[in-house]
Amino acid sequence: MGLSRLAALHGVATSYSPSPDVTVSVPDDTVIAVLAALGVDAGTPEAVRRSLVAAESRSRLLPPTVVVWAGEPLPPALTALPAGSTVTVEPEPAGGPPAPATSWKVPEAASSLRAPGAADGASGTAGPPPGWSRPPYGVHRVHVRTPDHHEATATLVVAPARVPQPPERTHGFLVQLYSLLSARSWGMGDLGDLADLAAWAGRTLGSGFVQVNPLHAAVPGKPTDPSPYRPSSRRFPDPVHLHVESIPEYGHVRDRTTLEDLHQDAAALSEAVLNKGALIDRDAVWELKRQALELIAEVPLTPGRRAAYCDFLAEQGQALEDHALWCALAEVHGPDWHSWPEPLRDPRSPGTARARSELLDRVDLHCRLAWLTATQLADAQRAAEDAGMEVGIVHDLAVGVHPAGADTWAQQDAFAHGMSVGAPPDAFNARGQDWGLPPWRPDALAATGYTAFRGLLRGLLAHAGALRIDHVMGLFRLWWVPQGHPPTDGTYVAYDAEAMLAVLVLEAHRAGAVVVGEDLGTVEPGVREALARRGVLGTSVLWFERDWDGDGRPLAPEQWRRDCLATATTHDLPSTAARLTGDHVTLRHRLGLLTRPLEEELTEDVTGTAEWLALLARLRMLPEGDGDEEAAVRAVHRFLLATPARMTGVWLPDTVGDRRPQNLPGTWDQYPNWRLPIADPEGHPVTLEEIAASPRLHGLMEVLRPAKARTAPPGERPA
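Read on for an overview of the structure. Treat the numbers as computed from the prediction; the structure is a model and nothing was measured. (Residues numbered from 1 in each chain as written. Predicted model: local features only at pLDDT ≥ 70, side-chain atom pairs only at ≥ 80, totals over all residues. Heavy atoms only, no water.)

### Remarks on the pairing of strand S18 (residues 514-517)
For a regular strand, side chains alternate in direction, first toward one face of the sheet and then toward the other. Selection rule: Remark: exposure states derive from per-residue accessible area (1.4 Å probe, protein chains only) relative to the maximum for the residue type, with buried under 20%, exposed over 50%, and partly exposed in between. By definition, any uninterrupted DSSP run of H or I lasting at least four residues is a helix, any uninterrupted run of E lasting at least two residues is a strand, and each is numbered from the N terminus. When DSSP finds at least two bridges between two strands, those strands are taken to pair.
Where burial is concerned, the two faces of S18 agree: the one with Val514 and Val516 and the one with Val515 and Gly517 are both buried. As judged from the 4 bridges shared by strand S15 (residues 466-469) and S18, these two strands associate in the parallel manner. By the bridge assignment for S18, alanine 466 is matched with valine 514.

Next up, the structure:
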């Protein structure tokens, strides 16, 4: 009982329900290990008693974070304070002279206070206290002192009620950027290709967005982990995505011979991928780009460029310096900071300070690369906006980071070391999942006013029209797996979802960006409703949209939710052509991934696909009849367009009939995850230029293009 009580006080679950009628108890040693990762000793009965006393004796005057939503009543944390208490708000620094603190005394009728922006009569009759008539949105500090001299301080997040919203209806492409090679690429897709795709899709097809994979900085290695969902840092992008020739200093490099040799080697890399069956080799691409970028960095910046770079350094501050230093140290000591010399494992040690001085040139190089990458990210979003895209580039936030990477080194106190994020056992995976990503400590986030989360969001949203959040349920809780334990022995740890959402809404509001949450799979009751209330769109994938609480049949289009991004597939699922033909089942069979006989799997797959095709036929969305693959793909997208979904996403490989998934969960070296270029139905890679000219693509996009785009005269951009 004591252990359960202690766990509950720290948001650690002692049981979970994989299905409504099943409850599974969490092993005690798992609970003890998770509490230890949160700095709570529960190793013995006596330790549990001591920890309980410590936890229950803490002041309850204020929670760690208080959230105020615009237009809504003030929370109980402020309205339930003892009468006569003094409340002082210290505003968030916003540049310029610091704003003065605001104080007031809690009246006897404290419950009559209203939140900023609340309509008259929204809560009681008295107006808001002084300082709350027009409070700024932001992350402030609130201090309370009661008449009997009790005191408490907390983070105060004042946020808009909802994130910015997309247009009523818009469509766009989903693409893994590395897979999108143009004729000028250096062996993989880059930010120049992204800008070109956005400009073409917006102007020619009337598309409203392009969604890409996470562009986070990777952990270097031989080979580098190719997964964009296990990065070194989520805060800074990877310069491997740079389009080298677009850097202004490129044309002023003195060593033209070396630069030309690198360019020819890059052309050979692309030729191998596009025409010789080679996989995308991120390490080879980076080696060539690194050499070119070092030559470019020798070119002095013009006064204006130097001023812009200095502004960037000032804006990014300590976070960028830490990231660049980690990159420089990794070049010398390897990519796993746990194996570095002892003094260098602490980013604030005197030894690390000396190393920073010794590696100053490399640190500056990595800072400059971050700036150049941010500049090209801005260029891509500007190209999308100039092409008339209502949203623009949709960036992707991975659920976590690599345990050996830059973020875990620079923010060690923020992570639960010895823990990994994953998923519990469910109907689709009886063994559960371990993703190898250390989770943030909820107590550390709260203690620092969510500084790390705010900085992460601000960096990602700086050049985004929207942000997709992978496994958005992680704002509410995450499945923690202790090191050395199987995923089945994990447990859920709760986060302050109200605070996490408020910070997300605040930063999205400041950036004017839409937010899309990936909410597929097991979702805790109430999560989707909470996200929808704050304007966060969900994700709906056609093949999963069935009446699971009823007859299990496909949902009619009018039964879909409105506030979502609707797609036919994702990077982790078969392409639409592979789904329709059953190729994805035979692929998994060849790799030994099926858990049942092939015939049984094929029968179930054919039955499920036939149900969808029959529905499409009944809705007269498949006039061509059975047996026409391209027509069936068009029909699937007609269906998506018939739903009320505000955003419709088209998997770019679907436009040319690609059969191969970009990632096949459950595989590592058995399948070339994250290394495939977009290809035609026969598996031959196609370039961006060939995609743009593809009759198959244009036939499909006729289904989705707005009428004004379809009827515009040749060469004239739709109004």
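### Observations concerning unusual backbone geometry
Residue proline 223 follows lysine 222 across a cis peptide bond; omega there is 0°. Looking at the secondary structure, you find proline 223 in the loop between strand S10 (216-217) and strand S11 (233-237). With a phi close to 65°, tryptophan 674 is a non-glycine residue in the positive phi region. The exposure class of tryptophan 674 is buried, given its relative accessible area of 9%.

### Observations concerning the packing of helix H18 (residues 598-618) against helix H19 (residues 629-642)
Selection rule: To get an axis, fit a line to the C-alpha atoms, keeping to the stretch in contact for a helix; angles then go from 0 to 180 degrees between the N-to-C directions. Note on angle classes: values under 35 degrees are labelled roughly parallel, values over 145 roughly antiparallel, values of 65 to 115 roughly perpendicular, and the remainder oblique. For this analysis, residues touch if any pair of their heavy atoms sits within 4.5 Å. Gly is put with the polar residues, along with every residue not named as nonpolar or charged; the nonpolar set is Ala, Val, Leu, Ile, Met, Phe, Trp, Tyr, Cys and Pro, and the charged set is Asp, Glu, Lys and Arg.
Viewed as axis vectors pointing N to C, H18 and H19 meet at an angle of 70°, and their least axial separation amounts to 10 Å. When the axis of H18 is compared with that of H19, the two are roughly perpendicular. Contacts from Trp612, Leu613, Leu615 and Leu616 in H18 reach Ala632, Ala635, Val636 and Phe639 in H19. Residues that form the contact of H18 with H19 fall into these classes: 8 nonpolar, no polar and no charged.

### Brief notes about the environment of glutamate 271
The residue glutamate 271 is located in helix H6 (residues 256-275) in this model. For the pair glutamate 271 and tryptophan 186, spaced 85 residues apart in the sequence, the C-alpha separation amounts to 9.5 Å.

### Describing the sheet that holds strand S16 (residues 477-482)
Taking strand neighbours across the sheet as the criterion, the 4 strands line up as S14-S13-S16-S17 in an open arrangement whose pairing is antiparallel. Each having just a single partner strand, strand S14 (433-437) and strand S17 (491-494) make up the two edges of the open sheet. Each adjacent strand pair in this sheet contributes to an overall mean axis angle of 50°, direction not counted. In this sheet, S14 lies alongside strand S13 (residues 419-423) in antiparallel orientation, the contact comprising 3 bridges. For valine 421, the partnering residue across the bridge sits in S14 and is leucine 437. Those strands touched by helix H2 (residues 28-37) are S13, S16 and S17, and its axis lies near 105° from that of S16.

### So, the sheet that holds strand S5 (residues 102-105)
Spatially, 5 strands are ordered S3-S7-S6-S4-S5 in an open sheet, and the strand pairing comes out mixed. A strand with exactly one partner marks an edge of an open sheet, and here the two such strands are strand S3 (65-69) and S5. The sheet shows a mean angle of 25° between the axes of neighbouring strands, taken without regard to direction. Across 8 bridges, the pairing between strand S6 (residues 138-145) and strand S7 (residues 151-159) is antiparallel. Each bridged residue has a counterpart across the sheet, and for histidine 143 the counterpart in S7 is threonine 153. The strands touched by helix H14 (residues 497-511) are S3, S6 and S7; relative to S3, the strand with the most contacts, the crossing angle is about 50°.

### Some points on the pairing of strand S4 (residues 86-90)
When S4 meets S5, the two strands line up antiparallel, connected through 4 bridges. For threonine 88, the partnering residue across the bridge sits in S5 and is serine 103. Relative to S6, S4 runs antiparallel, the two sharing 5 bridges. Within the sheet, the bridge partner assigned to valine 87 lies in S6 and is valine 144.

### As for helix H9 (residues 350-358)
Residues three or four positions apart in an α-helix share a direction because the helix packs 3.6 residues into each turn. Note the following rule: This arc is built from the directions going out from the helix axis to the C-beta atoms.
The set of residues buried in H9 consists of Gly351, Thr352, Ala355 and Arg356. On an axial view of H9, the arc spanned by its buried residues comes to 145°, and they lie on one face. In H9, those exposed residues whose orientation departs by more than 90 degrees from the buried face are Pro350, Arg354 and Ser357. Contacts from the buried residues of H9 go to helix H8 (303-333), helix H10 (360-386) and helix H11 (406-410).

### Let's talk about the pattern of salt bridges
Note the threshold: A pairing counts as a salt bridge when a side-chain nitrogen of Lys or Arg comes within 4 Å of a carboxyl oxygen of Asp or Glu.
Under the defined criterion, the tally for this structure stands at 44 salt bridges. With a closest N to O distance of 3.3 Å, glutamate 72 and arginine 533 form a salt bridge. Of this pair, glutamate 72 sits in the loop between S3 and helix H4 (76-79) while arginine 533 sits in helix H15 (residues 527-533); the two residues are 461 residues apart in sequence, bridging distant segments of the chain. Among the charged side chains, a salt-bridge network with shared partners connects Glu92, Arg454, Arg458, Glu507 and Arg510.

### Overview of the packing of aromatic side chains
Stated precisely, the cut-off is as follows: Here the aromatic set is Phe, Tyr and Trp, taking the six-membered ring for Trp, and pairing holds for ring centres within 6.5 Å; pairs whose planes are under 30 degrees apart are stacked, those over 60 apart are edge-to-face, and all others are tilted.
Scanning the model with the defined rule gives 12 aromatic pairs in all. The interplanar angle of 75° and the centroid separation of 4.8 Å between the aromatic rings of tyrosine 16 and tryptophan 479 together place this pair among those described as edge-to-face. Here tyrosine 16, found in strand S1 (residues 15-19), pairs with tryptophan 479, found in strand S16; they are 463 residues apart in sequence, far enough to count as distant. Taking the relative accessible area as the measure of exposure, tyrosine 16 reaches 9% and is therefore buried. On the numbers, 6.1 Å between centres and 80° between planes, the contact of tryptophan 543 with tryptophan 612 is edge-to-face. One end of the pair, tryptophan 543, is in the loop between strand S19 (538-541) and strand S20 (564-567); the other, tryptophan 612, is in helix H18, and 69 residues separate them in sequence. Residue tryptophan 543 is classed as buried on the basis of its relative accessible area of 9%. Judged by relative accessible area, tryptophan 612 falls into the buried class, the value being 2%. Members of the aromatic cluster, each reached through a chain of ring pairs, are Trp543, Trp560, Trp612 and Phe639.

Function cannot be inferred from these measures alone, as they are strictly geometric.
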